[in-house]
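Below are the chains, spelled out letter by letter.
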Amino acid sequence: MIKTSLDIASIRKDFPVLNRKVNGKPLVYLDNAATSQTPQQVIDVIVEYYHRYNANIHRGVHTLSQEATDAYEAARGKIQKHFNIAKPYEVILTSGTTHSINLVANGFSSFIKEGDEILVSAMEHHSNIVPWQMLCERTGGILKVIPMNQNGELIMEEYHKLLSEKTKLVFCNHVSNALGTINPIEEIIDAAHNVGAAVLIDGAQAAAHIKPDLQALDVDFYTVSAHKMCGPTGVGILYGKEELLKKLPPYQGGGEMIAEVTFEKTTYADLPHKFEAGTPNICGGIAFGAALDYMNSLGFENIAEYEDELMSYATRQLLTVEGLKIYGTAKNKTSVISFNIEGTHPYDIGSILDKLGIAVRTGHHCAQPIMDFYQIPGTVRASFSFYNTKKEVDVLVEGVKRARNMLL
Ligand SMILES: *Cc1c(COP(=O)(O)O)cnc(C)c1O
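Residues numbered from 1 in each chain as written. Predicted model: local features only at pLDDT ≥ 70, side-chain atom pairs only at ≥ 80, totals over all residues. Heavy atoms only, no water.

(A) Examining the overall build of the protein chain more closely. Assigned secondary structure in the protein chain consists of 14 helices and 17 strands. Expected size for 408 residues packed as a compact globule is a radius of gyration near 22 Å; at 22 Å, the protein chain falls within 12% of this value. Oriented by its inertia axes, the alpha-carbon framework of the protein chain measures out at about 70 × 55 × 35 Å. Expressed as a percentage of its 408 residues, the buried residues of the protein chain come to 56%. Looking at the protein chain alone, contacts between residues at least 24 apart form 72% of all its contacts between residues at least 6 apart. Summing over all exposed atoms, the protein chain offers an accessible surface of approximately 17500 Å²; the carbon and sulfur share of this is 51%. Distance from the positive charge centre (37 side chains) to the negative charge centre (46 side chains) of the protein chain: 5 Å. (Helix = DSSP H or I, 4+ residues; strand = E, 2+ residues; numbered from the N terminus. Rg over C-alpha atoms; globule rule 2.2 N^0.38 Å. Buried < 20%, exposed > 50% of the residue type's maximum accessible area, 1.4 Å probe, protein only. Contact = heavy atoms within 4.5 Å. Areas by Shrake-Rupley, 256 points an atom, 1.4 Å probe, with all protein chains shown as cover. Lys, Arg positive; Asp, Glu negative; His and termini not counted. Charge placed at Lys NZ, Arg CZ, Asp CG, Glu CD.)

(B) Fine view of the domain arrangement of the protein chain. Split into domains, the protein chain comes out as domain 1 (8-30 + 299-407) and domain 2 (43-296). Relative to domain 2, the C-alpha centre of domain 1 lies at a distance of 28 Å. At the interface, 33 residues of domain 1 touch 32 residues of domain 2. The set of elements that each furnish at least two residues to the side of domain 1 that touches domain 2 consists of helix H11 (300-318), strand S14 (336-341) and helix H13 (368-374). Here the side of domain 1 that touches domain 2 takes six residues from H13, the largest share from any one element. Considered class by class, the residues forming the side of domain 1 that touches domain 2 number 18 nonpolar, ten polar and five charged. (Domains from an automatic or database assignment. Nonpolar A, V, L, I, M, F, W, Y, C, P; charged D, E, K, R; others polar.)

(C) Layout of the UniProt feature "domain: Aminotransferase class V" (unreviewed entry) in the protein chain. This chain's UniProt record puts "domain: Aminotransferase class V" (unreviewed entry) on residues 28-396. Spanning residues 28-396, this segment combines 38% helix with 18% strand, and its end C-alpha atoms are found 8 Å apart. (UniProt positions renumbered as here; feature names shortened; annotations may be inferred.)

(D) Main features of the environment of threonine 223. Structurally, the position occupied by threonine 223 is in strand S9 (residues 221-225). Judged by relative accessible area, which is 0%, threonine 223 ranks as buried. Apart from the residues lying within four places of it in its own chain, the contact partners of threonine 223 are Thr97, Ser100, Ile101, Leu200, Ile201, Asp202, Gly203, Ala204, Ile237 and Leu238.

(E) Here's a closer look at the pairing of strand S17 (residues 379-383). Counting buried positions along S17 gives five out of five residues, so the element sits mostly inside the fold. Side-chain alternation along S17 places Thr379, Arg381 and Ser383 on one buried face and Val380 and Ala382 on a second face that is also buried. Of the pairings in the sheet, the one linking S14 to S17 comprises four bridges and is antiparallel in character. When the bridges of S17 are listed, isoleucine 337 appears paired with alanine 382. (Pairing = 2+ DSSP bridges.)

(F) Expanded view of the site of the ligand. Every residue lining the ligand is accounted for by Thr97, Thr98, His125, Ser127, Val175, Asn177, Asp202, Ala204, Gln205, Ser225, His227 and Lys228. Threonine 98 is positioned such that a nitrogen or oxygen atom in its side chain is 2.6 Å from an oxygen atom of the ligand. At a separation of 2.7 Å, an oxygen atom of the ligand approaches a polar side-chain atom of serine 225. In isolation the ligand exposes 380 Å². Once the protein is present, 86% of that is buried. Classifying every residue of the shell around the ligand gives two nonpolar, eight polar and two charged. (Near = heavy atom within 4 Å. Polar contact = N/O pair within 3.5 Å; in protein donor to acceptor, adjacent residues only side chain to side chain.)

(G) Region of the structure containing the nonpolar core. If you look at the biggest cluster of nonpolar residues, it comprises 110 residues, and the most contacted ones within it are Tyr159 and Phe386. The leading source of residues in this core is helix H10 (residues 282-298), at eleven residues. When near neighbours in sequence (up to four residues on either side) are disregarded, tyrosine 159 contacts Leu119, Ile146, Val170, Glu187, Ile188, Ala191 and Ala192. Membership of the second largest hydrophobic core comes to 23 residues, among which are Ile101, Ile112, Ile118 and Leu238. (Core = buried A, V, L, I, M, F, W, Y, C linked by side-chain atoms within 4.5 Å.)

(H) Expanded view of the packing of aromatic side chains. Tallying each qualifying case throughout the model produces 13 aromatic pairs. By the ring-pair criterion, three or more aromatic residues cluster together here, those being Phe15, Tyr294, Phe386 and Tyr387. The side chain of lysine 390 reaches across the aromatic face of tyrosine 313, ending 4.6 Å from its centre. (Phe/Tyr/Trp six-rings, centres within 6.5 Å; stacked < 30°, edge-to-face > 60°. Lys NZ or Arg CZ within 6 Å of the ring centre and 35° of its normal.)

(I) Seen up close, unusual backbone geometry. Going from leucine 271 to proline 272, the amide bond is cis rather than trans, its omega being 0°. Position of proline 272 relative to the elements: it lies in the loop between strand S12 (266-268) and H10. For aspartate 218, which is not glycine, the phi dihedral falls at a positive 60°. Looking at the secondary structure, you find aspartate 218 in the loop between helix H8 (214-217) and S9. Notably, cysteine 230 is not glycine yet its phi reads approximately 75°, a positive angle. Relative to the helices and strands, cysteine 230 resides in the loop between S9 and strand S10 (236-240). You can call cysteine 230 buried: its relative accessible area is 2%.

(J) Structural context of the sheet that holds S9. Taking strand neighbours across the sheet as the criterion, the seven strands line up as S4-S10-S9-S8-S7-S5-S6 in an open arrangement whose pairing is mixed. With one partner strand each, in any of the chains shown, strand S4 (91-94) and strand S6 (142-146) form the two edges of the open sheet. Within this sheet the neighbouring strands show an average axis-to-axis angle of 20°, counted without direction. In this structure, strand S7 (residues 167-173) lies alongside strand S8 (residues 198-202), joined through five bridges in parallel fashion. When the sheet's bridge partners are listed, leucine 169 is paired in S8 with alanine 198. Helix-sheet contacts for helix H4 (residues 97-107) involve S4, S8, S9 and S10, and the interaxial angle to S9 is about 155°. Relative to the sheet, helix H7 (residues 185-194) contacts S7 and S8, its axis offset from that of S8 by approximately 160°. (Axes fitted to C-alpha atoms, helices over the stretch in contact; angles between N-to-C directions.)

Next comes the structure, spelled out in C-alpha cells:
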C-alpha cells in the first residue's frame with residue numbers, strides 16, 4: 001500500500017467503468033495519457049444538462065437558454081480560477097488542444113515573415129508539429145528543433161543557442177505524452193521572452209497532474225484538453241494573454257463571433273467570442289468545470305504525490321522483467337512509462353495484455369520523431385492516474401512477463 005491522504009478505494013467507486021471486465025478479466029486501465037476515465041460526478045452533470053436545460057446559449061431570452069448560458073459561463077469561471085488566469089475572456093473554449101494550437105498557428109500567419117524562426121522541441125506531439133510546418137509553408141518561416149538527450153530531456157544549452165532576435169515563437173509541451181518528461185517551462189518561457197519571442201505551452205498531458213499558475217508562468221498561450229483530466233472529449237481551452245488574443249485574427253467565421261454583419265463588412269465580437277464561432281460544446285464545457293471541481297476536491301498535490309509513488313513502484317517492478325528497456329528516464333517525469341522488450345514488437349505485447357484485461361497503448365503515440373530518435377518502431381506505454389493501484393501495477397508486470405514468455 002502506498003501511504004497517501006487519498007482514499008483510493010473510495011475514489012475508484014466514483015468511476016463506474018473501473019468495475020467492468022474485459023475478456024473475462026477485471027479491467028486494468030493504464031491508457032490515461034490517451035484519455036482519462038470519467039467519474040460519476042461528471043457523468044451526473046452531463047445527464048442533468050440533457051434532462052433539464054439543454055438549450056443554445058448567448059442568444060435566447062427563454063429560461064432554458066439563460067440557465068445553459070449561466071452554467072457555461074460559470075464553467076469558464078472555474079477554468080479561469082483553476083489555472084489562475086487574469087480575465088475570464090482570456091479563456092477561449094475550443095474542442096481541445098489540437099484546435100487551440102491550430103487557432104494560434106493560423107493566426108500567426110500574418111505575423112511571420114520569410115526567414116523568421118519558430119522553435120519546437122524534439123519531443124512534440126504531432127498536433128504540435130504539423131500546424132507549425134503548415135505555418136512555415138505559408139509564410140517562409142523556418143522551423144528549428146530543440147534537441148533532446150538519450151534520457152528524453154531537452155538539451156537546454158542548445159535551446160539557448162538557438163534563440164535569437166529571429167525567433168518569433170517557441171512551442172513546447174509541458175509534459176511529453178510519449179516519455180512523461182516534465183519540461184523546464186519556466187526557463188523556456190523566460191529565455192524566449194528575453195529575445196522577444198512568444199511562447200505556447202501544450203499542457204494537454206500536464207494538466208491532469210500539475211496545476212499550473214499561468215500568470216506566474218507569464219506564458220503567452222497554454223492549451224488543455226478536458227478529456228485527459230476526467231472531463232469529456234471534444235472540449236478544451238486556449239489560454240492567451242489579452243493583448244495577443246486581440247491581435248490575432250479570428251480562426252473561423254460564423255455565428256457568435258461577430259458584432260455586426262453586412263455584405264460589405266463584418267466587425268468581430270469581443271473576446272472570447274471572436275474565437276468561438278458557432279454553437280460550442282455546451283454540455284462539454286459545463287462538464288469540464290465539473291471535472292475540475294472533482295480533481296480539486298482530491299487536491300493536485302495529493303494526486304501528484306500518489307502518482308509519483310505509483311510510477312516509481314511501477315518503474316522498479318517493470319525493470320525486473322528480463323530484456324525490458326524504458327524510454328524516457330528524465331529526472332523530472334510523471335505518470336508515463338514507455339518501454340520495449342528486446343526481441344518483441346510493442347504491438348504483440350499490447351495485444352496479449354489486452355487479452356488479460358490490461359489497457360495500454362502501443363505505437364508511436366503521435367510522436368514519430370521521438371521513435372526515430374531512439375530508432376524503434378514504437379513502444380508499449382503504460383500511463384497512470386490517481387485511481388490506479390499498486391495491485392494493478394503487479395497485474396501489469398505479471399502480464400508483461402507472460403507476454404514475453406509467449407513471444408520468445
Ligand atoms: C493528447 C495530447 C495532444 C492532443 O490533444 P487532443 O485532445 O487530441 O487535441 C497534444 N499534445 C499532447 C502532449 C497530448 O498529450
